[in-house]
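Structural features, examined
Chain by chain, the residues:
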Amino acid sequence: DDCENTTEKTIYVTKEVNKYGSCETAFGKLESDNALCFIGDYNFNRWGWTNKISEPGTYEMPMYAGAAKCLVEKGVLAGAVIVTYENDVVTVEYQLNGDYAMSEAHVYVGCDPYPTMKNGKPTIAPGQFTFNSGTLDRSTGIITTFTNVQGEFYVIAHAVTCEVLCR
């Protein structure tokens, strides 16, 4: 104060932690016949979609979490994946809805509907995709870019999404 008296005050700060639940596998799906369900191809028994992109442009793929058997009505809309194909560059952008965050993201971009393992067999294991984000700290968006892409290609956009219970 003006009389040069000093005082001390202790302040306690409590950091709140975000809470998440209902974590599910999610995949992007074109809203056209160019979205092909994994189930049945090569005896795959996992759901998800590979999406054929035939010409340059911007494509919005709703991202469904928990859509067992590729039935979107069984899942929830967790966000969208925006695929932009311009010149020889493909950009894949994940945009999660405000109620969702992701802990992993994997993207496959290639000439064939599915990536192949070293033995030449097709796979839908996300760890074999072209891009693997590693562990994400509950991200609400991520962008990845692929260069030297020519002609038609397939894209698989996978994520592990969690519902935000408290932020």
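So, a few notes on the structure that sits alongside this text.

Here is what the cut-offs are and how they apply
- Residues numbered from 1 in each chain as written.
- Predicted model: local features only at pLDDT ≥ 70, side-chain atom pairs only at ≥ 80, totals over all residues.
- Heavy atoms only, no water.
- Helix = DSSP H or I, 4+ residues; strand = E, 2+ residues; numbered from the N terminus.
- Buried < 20%, exposed > 50% of the residue type's maximum accessible area, 1.4 Å probe, protein only.
- Areas by Shrake-Rupley, 256 points an atom, 1.4 Å probe, with all protein chains shown as cover.
- Lys, Arg positive; Asp, Glu negative; His and termini not counted.
- Charge placed at Lys NZ, Arg CZ, Asp CG, Glu CD.
- Salt bridge = Lys/Arg side-chain N within 4 Å of Asp/Glu carboxyl O.
- Core = buried A, V, L, I, M, F, W, Y, C linked by side-chain atoms within 4.5 Å.
- Contact = heavy atoms within 4.5 Å.
- Phe/Tyr/Trp six-rings, centres within 6.5 Å; stacked < 30°, edge-to-face > 60°.
- Pairing = 2+ DSSP bridges.

Some words on the overall build of the chain
- A count of helices and strands for the chain gives zero helices and ten strands.
- The secondary structure elements of the chain, listed N-terminal to C-terminal, are β-β-β-β-β-β-β-β-β-β.
- Counting across all 167 residues of the chain, residues that qualify as buried make up 41%.
- Summed over its atoms, the accessible surface of the chain is roughly 10000 Å², and 45% of this surface lies on carbon and sulfur atoms.
- Where the 12 positive side-chain charges of the chain centre and where its 21 negative ones centre are 12 Å apart.

Some words on the pattern of salt bridges
- Taken as a whole and assessed by the stated rule, the structure comprises one salt bridge.
- For K52, the salt bridge is made with E152, and the minimal N-O distance between the two is 3.6 Å. Residue K52 is located in strand 3 (residues 49-53), and its partner E152 is located in the loop between strand 9 (141-146) and strand 10 (153-166); the two are separated by 100 residues in the primary sequence.
- According to the relative accessible area criterion, K52 is partly exposed, its value standing at 23%.

So, the nonpolar core
- In terms of nonpolar packing, the biggest core is built from 42 residues, with V92, Y94 and V155 touching the most fellow members.
- At the level of secondary structure, the elements contributing two or more residues to this core comprise strand 1 (19-28), strand 3, strand 4 (57-65), strand 5 (76-86), strand 6 (89-96), strand 7 (100-110), strand 9 and strand 10.
- Excluding its chain neighbours within four sequence positions, the residues that come into contact with V92 are V81, I82, V83, V107, I142, I143, T144, F146 and V155.

Concerning the packing of aromatic side chains
- Inspection of every chain in the model, using the stated rule, returns ten aromatic pairs.
- When the ring of W47 is compared with that of W49, the centres are 5.6 Å apart and the planes differ by 75°; the resulting orientation is edge-to-face.
- By relative accessible area, W49 is classed as buried at 2%.
- Taking the centre distance of 5.0 Å and the plane angle of 90° together, the rings of Y85 and F153 count as edge-to-face. In this pair, Y85 sits in strand 5 while F153 sits in strand 10, placing the two residues 68 residues apart along the sequence.
- These aromatic residues form a ring-pair network of at least three members: F27, F38, Y42, F44, W47, W49, Y64 and Y114.

Some points on the side chain of S103
- By the element assignment, S103 lies in strand 7.
- Residue class for S103 comes out buried when judged on its relative accessible area of 14%.
- Not counting residues up to four positions away in its chain, the partners in contact with S103 are G134, T135, L136, R138 and V160.

A closer look at unusual backbone geometry
- If you check the backbone angles, N43 has positive phi at about 65° while not being a glycine.
- When you line up the elements, N43 lands in the loop between strand 2 (35-37) and strand 3.

Structural notes on the pairing of strand 5
- Relative to strand 5, strand 4 runs antiparallel, the two being bridged by nine bridges. When the sheet's bridge partners are listed, Y59 is paired in strand 5 with V83.
- Summarising the sheet, strand 5 and strand 6 pair through eight bridges and their orientation is antiparallel. Across the sheet, the residue bridging to G79 is L96, located in strand 6.
- Hairpin connection of strand 5 to strand 6: two residues between the antiparallel strands, including N87 at a positive phi of 55°.

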